[in-house]
Every structure is written in structure tokens, then in C-alpha cells.
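Chain by chain, the residues:
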Amino acid sequence: MSTPPSPRTLGVGRVLIAVYAILALAATARSLVQIIEHFETAPVAYILSALAGLVYILATIALVKRGPTWYRIAWITITFELVGVLVVGTLSVIDPQLFPADSVWSYFGRGYVFIPLVLPILGMIWLRRRRSEILEGHAPLAARS
Amino acid sequence: MIEIFTWVQVAVAVTAGLLCVILGLAGKTPADLTMGALALVEVLLLGQLGVALLAPAFGNTATGSVLEFYVYLVSAILLPPAAGFWALVERSRWSTVILGVAALAVAVMVYRMEQIWFHQVA
């Protein structure tokens, strides 16, 4: 905590990061329980849930870090989440047999009060808005290191 | 799990969450009231842990997955200290909002724990 706060974690972005951290914890922990307890019932869905959880963790880290590389990783992970929730959400509505109702993205994240659907969109709006600040904020740090 | 205690806990967590979110959006930095509300949420969670550990000895057992129940409980117990730590490091209005978000997440998790204990069929 001795490092100066990165510009991207200022203001409302802190709340976004906190929500990401909670979702990362919830999705990862839950998928681990599912894999331990009844992996054989839906291996694909549970592995996808675990992958989603890991990507949420990576997205949380990417939102905290500064610089163009992390900025790109933030975009990639958040896009992955949006595509994931839209594809899995749609498939689960069309064919409920395909994904059990309790995976992170089933029914567009209904089990998580639709936070998985809303969060990547908010994340994208925020990354876009603060783009110049984030990339500028990187310059003095890179010069120092 | 004691049903009435659980619902009181959900109500306290929701109240604390809304209080912190509203005060945070109103521009208040974390203060005794908001930190205290989170401390109360945490104390009730620790009470819930005690109840969960003792209840099976009195024939009050979970109908659902015990592992899933404890993953929720332990995760929930970690949230208020994490948000509180954040509030101590960063004294801004947004830290107050984060205290509220953490309390609301605890409310959802306790609600899930109630479902697992009383309704879920393992």
C-alpha cells in the first residue's frame, strides 16, 4: 500500500474494482465447490465457470494496474466476459440441458443478480472514458523504472 | 442455522449496505457510523459461524451441501474486513460506497446460505 494510487483506481472506478473482486471471489469459489462435489454431472459447464472465475480475477488485477499492457489485458478479459455471458446466457435459454442453472453465466448471470451482464459493460465504458488518463499515467512510472 | 437469527442478519446487512451506499454517494468519507455498521455485520457473521459449528450437535443439520455453505460463510466473513481495510487506507467517499457494496454482498451470501441450509437438496 506504499505505492502511489494508480490513476485508474481513482473515484468511482474503485467501486467497480471492488465489485469485480467480489464477483471474482464468488465465481471462483463456487466453481471449485461444483467441481469438487459434482464434476461429472456437467464437466464442460463447471470448467467454463472456473475459467470465468479466473478471468474475473485477471480482470480485477488488470483494472488496478496501470500502463498500456494492463490496459489491453483489461479490454481482453472484459470482452471475454461480455461474450461469455451473452453466448452462454443465450444458449442456456435456448437449450436449458446444455448448462446447469447454477453456472456463473447461465441465464445471463441470473444467479448473480445479472451483475455478470452489467459489469463488463460498465467496465468498458469506464476504460474508454479514462483511456488518456490511464495511458498518460503510465509514462512517468515507466521513466522511473 | 437459526432461521430468525439468519433473517435478522440479512436485514442488518441490507440496512448497513444501503446506509453506506447512500452516505457514500452523498459525499461522506468512512466514519464511526459506517465502519460500525460493517463491524456489526462482521460480528453477526462470526455468530453465524459459531451457530453453524454447534448446530449439528443439536440435530440441526444442513439439508444441502455443507462445503458450499462454508465457502459462502468464509467468503462472507472476509468481505467486511477487506472493505474496512480499504476504507482505512483510502479515506474517500467511494470507500464508503464500497463498505455498502460489501455489506450488500454479505446479505446475498447469507440469503444463499439460508437456502443451502434449509431448502437445498444435496
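Because the structure is predicted, anything quoted here is derived from the model rather than measured.

Caption draft 1: Quick peek at the overall build of chain A. Helix and strand content of chain A: 5 helices and 0 strands. When its helices and strands are written in sequence order, chain A yields α-α-α-α-α. Within chain A, the fraction of its 145 residues that count as buried is 38%. If you take every contact in chain A between residues at least 6 apart in sequence, the share linking residues at least 24 apart comes to 61%.

Caption draft 2: How the structure looks around the confidence of the model for chain A. Residues and elements named next belong to chain A. When pLDDT is averaged across chain A, the result is 81; 85% of the residues are at 70 or more. Summarising per-element confidence for chain A, the mean pLDDT is lowest in helix H5 (residues 131-144) (56) and highest in helix H3 (residues 68-94) (91). Note on residues 139-145: pLDDT is under 50 here. Beyond four places in sequence and across chains, it has 1 contact.

Caption draft 3: Main features of the nonpolar core. Ranked by size, the top nonpolar core spans 69 residues in total, and within it Tyr20(A), Leu23(A), Ala102(B), Ala103(B) and Val106(B) carry the most contacts. Per-element accounting of this core gives the leading share, 17 residues, to helix H4 (residues 93-118) of chain B. Those residues in contact with Ala102(B) that lie beyond four places of it in its chain are Leu38(B), Leu79(B), Pro80(B) and Ala83(B).

Caption draft 4: Region of the structure containing the packing of helix H3 (residues 66-89) of chain B against H4(B). Residue and element names in this part refer to chain B. Direction vectors running N to C along H3 and H4 enclose 170 degrees, while the axes themselves pass 9 Å from each other. In terms of orientation, H3 and H4 fall into the roughly antiparallel class. Every residue of H4 that contacts H3 at Glu 68, Phe 69, Tyr 72, Leu 73, Ser 75, Ala 76, Leu 79, Pro 80, Ala 83, Trp 86 and Ala 87 is listed here: Ser 95, Ile 98, Leu 99, Ala 102, Ala 105, Val 106, Met 109, Val 110, Arg 112, Met 113, Ile 116 and Trp 117. Its residues placed into classes, the contact of H3 with H4 shows 19 nonpolar, 2 polar and 2 charged.

Caption draft 5: Quick look at the interface of chain A and chain B. Tallying the contact residues gives 14 residues for chain A and 12 residues for chain B. Among the residues forming the side of chain A that touches chain B, the class breakdown is 11 nonpolar, 1 polar and 2 charged.

Caption draft 6: Examining unusual backbone geometry more closely. Residues and elements named next belong to chain A. Located in the positive-phi region is Tyr 107, a residue other than glycine, with phi close to 50 degrees. Among the structural elements, Tyr 107 can be located in the loop between H3 and helix H4 (115-129). The residue Phe 108 is not glycine, and still its phi comes out positive at about 55 degrees.

Caption draft 7: Focus on the environment of Pro56(B). In this fold, Pro56(B) is placed in the loop between helix H2 (32-54) and H3. Between the C-alpha atoms of Pro56(B) and Met1(B), which are 55 residues apart in sequence, the distance is 8.9 Å.

How each quantity is defined
- Residues numbered from 1 in each chain as written.
- Chains lettered and ligands numbered in written order.
- Predicted model: local features only at pLDDT ≥ 70, side-chain atom pairs only at ≥ 80, totals over all residues.
- Helix = DSSP H or I, 4+ residues; strand = E, 2+ residues; numbered from the N terminus.
- Buried ≥ 20, exposed ≤ 12 C-beta atoms within 10 Å, placed from the backbone.
- Contact = placed C-beta atoms within 7 Å.
- pLDDT = per-residue confidence, 0-100.
- Core = buried A, V, L, I, M, F, W, Y, C linked by C-beta atoms within 7 Å.
- Axes fitted to C-alpha atoms, helices over the stretch in contact; angles between N-to-C directions.
- Parallel < 35°, antiparallel > 145°, perpendicular 65-115°, else oblique.
- Nonpolar A, V, L, I, M, F, W, Y, C, P; charged D, E, K, R; others polar.

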